Amino acid sequence: MPRFGTKHLPDKPDVAAPDGSQVRILLRLNGGSMAHFELAPGLVSIPVAHRTVEELWYILGGRGEMWRRDAEGEEVVEIEPGVNLSIPLGTAFQFRSTGDEPLTAVAITMPPWPDENEADVVEGKWEPKLG
């Protein structure tokens, strides 16, 4: 691995996340990994809960809502550029893009994203709608 990592945002998504959003993989270190997520206008993600990781998200563009649920309760928050939110280990979450442009975010995953089996589909707040 090079001493210092430098990467430009890929032009096209690398993969689809377990929640259905489009993912551009960014850099990773031993303690965490970073990715860019995008959900087109009018779409609703698949509700999931992570098995071994937790995440910090920062919204870059678009508008939408994020639903999160844990053992103590649930909430829905409006998300727009500048909003930062956490998804603690085991939290069920789902998001939807309600604006006229794609909902975009960068997220730090700790520890680094392990593989495609990391997320379990759960019962969510909204009916998923993917393009």
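In this report, we go over the structure that sits alongside the text. (Residues numbered from 1 in each chain as written. Predicted model: local features only at pLDDT ≥ 70, side-chain atom pairs only at ≥ 80, totals over all residues. Heavy atoms only, no water.)

1. Here we look at the layout of surface pockets
Using the following cut-off: Cavities and pockets are defined on a 1 Å grid built over the protein atoms alone: a cavity is a set of grid points where a 1.4 Å probe fits but cannot escape, while a pocket is an open set with protein on both sides within 12 Å along at least five of seven lines, and lining residues are those with an atom within 4 Å of any such point. Grid points are joined across faces, edges and corners, and a volume is the space filled by probe spheres set on the points. Under the scheme used here, helices are H or I runs from DSSP no shorter than 4 residues and strands are E runs no shorter than 2 residues, and both carry numbers assigned from the N terminus. Amino acids outside the nonpolar list (Ala, Val, Leu, Ile, Met, Phe, Trp, Tyr, Cys, Pro) and the charged list (Asp, Glu, Lys, Arg) are all regarded as polar, and Gly is one of them.
Considered as a void within the structure, the largest pocket measures approximately 410 Å³ in volume. Looking at the largest pocket, it is lined by 24 residues, and the ones nearest its centre are Val15, Val23, Ile25, Ala35 and Trp113. Those elements giving two or more residues to the lining of the largest pocket turn out to be strand S1 (15–16), strand S2 (22–29), strand S3 (32–39), strand S4 (48–50) and strand S5 (54–61). The biggest single contributor to the lining of the largest pocket is S2, with five residues. When grouped by side-chain class, the residues that make up the lining of the largest pocket number 16 nonpolar, three polar and five charged.

2. Concerning the sheet that holds S1
Using the following cut-off: Here a strand pair is declared whenever DSSP counts at least two bridges between the two strands.
One open sheet holds the six strands; their spatial order is S1-S2-S3-S10-S5-S8, and the pairing between them is antiparallel. The open sheet is flanked by S1 and strand S8 (84–87), the only strands paired with a single partner.

3. With respect to the side chain of Thr104
For the record, the criterion: Any residue under 20% of the maximum accessible area for its type is buried, any over 50% is exposed, and the rest in between are partly exposed; the area is computed with a 1.4 Å probe on protein chains only. By the convention used here, residues are in contact when the closest approach between their heavy atoms is within 4.5 Å.
Residue placement: Thr104 occurs in strand S10 (residues 103–110). On the accessibility criterion, Thr104 (13% relative accessible area) is buried. Setting aside residues no more than four positions away along its own chain, Thr104 makes contact with His36, Phe37, Glu38, Tyr58, Ile59, Leu60 and Gly61.

4. What to know about empty space enclosed by the protein
Within the structure shown, the criterion is met by one cavity of 30 Å³ or more. Along its surface, the largest cavity is lined by Ser21, Phe37, Glu38, Leu39, Trp57, Phe95, Leu103, Thr104 and Ala105. For the lining of the largest cavity, the residue count by class is six nonpolar, two polar and one charged.

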